[in-house]
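Next come the chains, spelled out residue by residue.
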2 protein chains.
Amino acid sequence: MTEEVALAFDDTDLLPAITQDADSGDVLMLAYVSPEAVKQTLETGLAHYYSRSRDELWQKGGTSGHVQHVEDVRVDCDGDAFLYRVEQEGGACHTGYESCFYRELDALNEDDTAEAEVVGEKVFDPDEIYE
Amino acid sequence: MTEEVALAFDDTDLLPAITQDADSGDVLMLAYVSPEAVKQTLETGLAHYYSRSRDELWQKGGTSGHVQHVEDVRVDCDGDAFLYRVEQEGGACHTGYESCFYRELDALNEDDTAEAEVVGEKVFDPDEIYE
C-alpha cells in the first residue's frame, strides 16, 4: 500500500535521521538531514546527511572511505524523523567504534555530565583514517 | 571502563532519544528527552520522554498501558543523542503499528511530501486504546 507522507521540513530545515546496520540491527549513529540529503541518499544509494556545524551536505565516508550502502529509508508516523537501514563499511563512529552509541549510561550528575561504561567494539584506528 | 561524558543539554534543553526493541533490534520511535526524563528513566526502569508539543515530561504508556521496560540507556560519542534499549509492551506507535517507522520512502516530491510504502505490522487498534 502506497501513501503520501507530509514531511515536517516546513517547521525546520533539518530533521533527525537514525542509521541502523541492516544485518545486525545495531543502531550506528544519529545525524541530521535536509530534503536534498534524503534525495541524494535515495538517488545514489549512499547515505547523505547535513552537517549543522559545517553547514553543508555531506556523504558519509567521503573522507574515511567508511561509506554506508543504503538498503531502504523509512519515515516515521509524524514525518519528522528518518531511519536509514544500511550496510556499513568500516565503522560508523569517528572515534573508531562500530557504533556512536558505544557507552552505557550509569547515572546523570547535577552538572550535565554522566558516568558511562564503554560497551562498544572498536573496529578501526581513527589516527590511521583521519589525518 | 568507566568514562565521564559531557552531555550537550547546555546547547539546548532537549536532545533526541532513539528507542530500540532490545530483543528484535527494531527501531521503534524517536522522541526528545530532558535531563529529568533521562534521570526518571534510569531510576524507574521505564522510558520517560519530554513532549515538545505539550511541554511536559511523560512516561511512555501512561495512557495506553504500552510501557517500555528499559534494559539500558546508551549515549553517543558527542553526548547529544541517546539510545533506549527496551522491552515494549503492546506497540510503540500511536497509530497501532509496532514501530513508528512503518513506511518505506520511495521518492521525495518538490513540495515536502513523499511517496511511501507501508511495510510495518499493526499490533493494536488505536481506537480501542486511546478514547
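For the structure itself, look to the data block above.
This part is about the sheet that holds strand β9 (residues 113-118) of chain B. Taken in spatial order, the seven strands line up as β1(A)-β9(B)-β8(B)-β6(A)-β7(A)-β2(A)-β3(A) in an open sheet, and their pairing is mixed. Among the strands making up the open sheet, the edge pair consists of β1 (2-6) and β3 (27-33) of chain A. Mean inter-strand twist for the sheet, computed between neighbouring axes without regard to direction, equals 40 degrees. Of the strand pairs in this sheet, β1 of chain A and β9 of chain B are connected by five bridges, and their pairing is antiparallel. The partner of threonine 2 of chain A across the bridge, within β9 of chain B, is glutamate 117 of chain B. Running over the sheet, helix α1 (residues 35-44) of chain A touches β3, β6 (68-75) and β7 (82-88) of chain A together with β8 (103-108) of chain B and is turned about 100 degrees from β8 of chain B.

Okay, the sheet that holds strand β3 (residues 27-33) of chain B next. Strand order in the open sheet formed by seven strands is β1(B)-β9(A)-β8(A)-β6(B)-β7(B)-β2(B)-β3(B), and the pairing between neighbours is mixed. Here the strands that pair on one side only, and so sit at the sheet edges, are β1 (2-6) and β3 of chain B. Averaged over all pairs of adjacent strands, the angle between strand axes in this sheet comes to 40 degrees, irrespective of strand direction. Each of β8 (103-108) of chain A together with β3, β6 (68-75) and β7 (82-88) of chain B touches helix α1 (residues 35-44) of chain B; the most contacted strand, β8 of chain A, lies at about 100 degrees to it.

As a further point, take the interface of chain B and chain A. Contact residues are listed per partner, giving 55 residues for chain B and 55 residues for chain A. Note on chain B versus chain A: buried area summed over both sides is about 4900 Å², and carbon and sulfur give 58% of it. Where lysine 39 of chain B meets glutamate 110 of chain A, a salt bridge forms, and the shortest distance between an N and an O atom there is 3.8 Å. Our count for the chain B to chain A interface comes out at 26 residue pairs in polar contact (both at pLDDT 80 or more). Listing elements by their share of the side of chain B that touches chain A, those giving two or more residues are β1, β2 (15-21), β3, α1, β6, β7, β8 and β9 of chain B. Residues belonging to the side of chain B that touches chain A are distributed by class as follows: 30 nonpolar, seven polar and 18 charged. Across two bridges, β6 of chain A lies against β8 of chain B in antiparallel orientation. The partner of arginine 74 of chain A across the bridge, within β8 of chain B, is glutamate 104 of chain B.

Residues and elements named next belong to chain A. Enumeration over the complete set of coordinates arrives at twelve salt bridges over all chains. Of the charged contacts, one joins arginine 74 and aspartate 72 as a salt bridge, the two residues approaching to 3.5 Å between their closest N and O atoms. Among the ionic contacts, a cluster of salt bridges with common partners joins Asp72, Arg74 and Arg85.

What counts and how
- Residues numbered from 1 in each chain as written.
- Chains lettered and ligands numbered in written order.
- Predicted model: local features only at pLDDT ≥ 70, side-chain atom pairs only at ≥ 80, totals over all residues.
- Heavy atoms only, no water.
- Pairing = 2+ DSSP bridges.
- Helix = DSSP H or I, 4+ residues; strand = E, 2+ residues; numbered from the N terminus.
- Axes fitted to C-alpha atoms, helices over the stretch in contact; angles between N-to-C directions.
- Contact = heavy atoms within 4.5 Å.
- Buried area = accessible area lost by both parts, 1.4 Å probe.
- Salt bridge = Lys/Arg side-chain N within 4 Å of Asp/Glu carboxyl O.
- Polar contact = N/O pair within 3.5 Å; in protein donor to acceptor, adjacent residues only side chain to side chain.
- Nonpolar A, V, L, I, M, F, W, Y, C, P; charged D, E, K, R; others polar.

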